[in-house]
Amino acid sequence: MNKIYNIFILTYKNQKIISRTALLYHLNAELYLRNIGTFIFLDSKWYKLRQIFIDEMNKRSSEILINHNLNHSILDEKWVKNDQNKRENEDSYNDKYLKNNYLVLDKLIVDSIELADVIHIQQDTIYLCHVKYGFSTEIRELYSQIVSSARRLKNDLKDEENPFLKSIFKQLDNKERSNGYNEEGFIELFKTKKITYVMAISSHLKNKDIIIDVEKYSSNIAKISLIQCYTEMRTEYFDLAIEIIDNSECF
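How each quantity is defined
- Residues numbered from 1 in each chain as written.
- Predicted model: local features only at pLDDT ≥ 70, side-chain atom pairs only at ≥ 80, totals over all residues.
- Heavy atoms only, no water.
- Phe/Tyr/Trp six-rings, centres within 6.5 Å; stacked < 30°, edge-to-face > 60°.
- Helix = DSSP H or I, 4+ residues; strand = E, 2+ residues; numbered from the N terminus.
- Buried < 20%, exposed > 50% of the residue type's maximum accessible area, 1.4 Å probe, protein only.
- Lys NZ or Arg CZ within 6 Å of the ring centre and 35° of its normal.
- Pairing = 2+ DSSP bridges.
- Right-handed = clockwise from strand over helix to strand, strands pointing away.
- Salt bridge = Lys/Arg side-chain N within 4 Å of Asp/Glu carboxyl O.

Asker: Pulling in residues and values, what's your account of the packing of aromatic side chains?
Answerer: Any two aromatic rings considered together are summarised by their centre-to-centre distance and by the angle between their planes. Applying the stated rule across the entire model yields 9 aromatic pairs. Relative to Y133, the ring of W79 lies with its centre 5.1 Å away and its plane at 75°, an arrangement referred to as edge-to-face. Of this pair, W79 sits in the loop between helix 2 (51-67) and helix 3 (90-94) while Y133 sits in the loop between strand 10 (125-132) and helix 4 (138-158), placing them 54 residues apart in sequence. Considered together, W79 and Y133 belong to a single accessibility category, that of buried residues. Between the aromatic rings of Y93 and Y97, the centroid separation amounts to 5.6 Å while the plane-to-plane angle is 70°, which identifies the pairing as edge-to-face. Cluster of aromatic residues (ring-pair linked, three or more members): W79, Y93, Y97, Y102 and Y133. Across the ring face of F8, the terminal group of R20 is positioned such that the distance to the ring centre comes to 3.8 Å. The ring of Y133 carries R87 above its face, with NZ or CZ at 3.7 Å from the centroid.

Right, here's the structure in full:
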């Protein structure tokens, strides 16, 4: 156990370490033991969940999903099967938004941070969408991605030079995905419009709507992560909305 505690993940830039995190903080697990209870492993610690807590968590998750659902108004493309009759991957899904009023930033990473997978631009608001298939432990990763992005963006907007946004745009332009924007116009989007982050998720269970049937999803880690992400974003950074991607054709 002592060896596991002393394994670290290092991130390098220009041969210099820019971040160092214990491996244990990247691991999570959930166990249900009959007649004993439900246990989760988060942030290097085990927790036993009482039923009253699980019930309250289901209720709170449902409230967030219902009250902040964008109802396909931002991401309206369906997640479908590919030519091999398998569910298309995340990259393929995101590329469907290579069209007007959207910017696809998938895989554009600066200092280990992805600003968004897809940005949707409206008259008064820009929506920074982070996309993930499934409502299970993947949501823990999505929560981390959204908060890291929001923290970095907030700090970058305080800097007159905006180095983070400039680096993102340079990659976007190199991939010829700038959709007519120059660097100045891209940065102005974040300074003149309201910023809203979007947790864009899908079901991974057939005929079980996440909003209506959230209690049928067994991952308490997903629900805790949803609640934490919503609370932290609204308290510290930007608004957070939910988009439930239609994946009815994946089954």
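Asker: Which residues make up the pairing of strand 12 (residues 239-244), and what are the values?
Answerer: Of all 6 residues that make up strand 12, 5 are buried, and the element is covered over most of its length. One ladder, built from 6 bridges, connects strand 11 (residues 194-201) with strand 12; its direction is parallel. Bridge pairing links V198 to A241 in strand 12. For the segment spanning strand 11, helix 7 (residues 220-236) and strand 12, crossover handedness is right-handed.

Asker: Tell me what's going on with the pairing of strand 5 (residues 45-49), and back it up with residues and numbers.
Answerer: Direction of pairing for strand 4 (residues 37-42) relative to strand 5: antiparallel, over a ladder of 5 bridges. Looking at the pairing, F39 lines up with K48 of strand 5. What sits between the antiparallel neighbours strand 4 and strand 5 is a turn of 2 residues, in which D43 has the positive phi angle 50°.

Asker: Account for the pattern of salt bridges, naming residues and giving values.
Answerer: Per the stated rule, a full pass over the model turns up 15 salt bridges. K107 is the partner of D91 in a salt bridge, and the nearest nitrogen-oxygen pair spans 2.7 Å. Of this pair, D91 sits in helix 3 while K107 sits in the loop between strand 6 (102-104) and strand 7 (109-110), and the two are 16 residues apart along the sequence. Judged by relative accessible area, K107 falls into the partly exposed class, the value being 47%. In this structure, the salt-bridge partner of R152 is D111, at a minimum N-O distance of 3.3 Å. Taken together, the positions of R152 in helix 4 and D111 in the loop between strand 7 and strand 8 (113-114) put the pair 41 residues apart, joining distant regions of the chain. Connected via shared salt-bridge partners are D76, E77 and K99.

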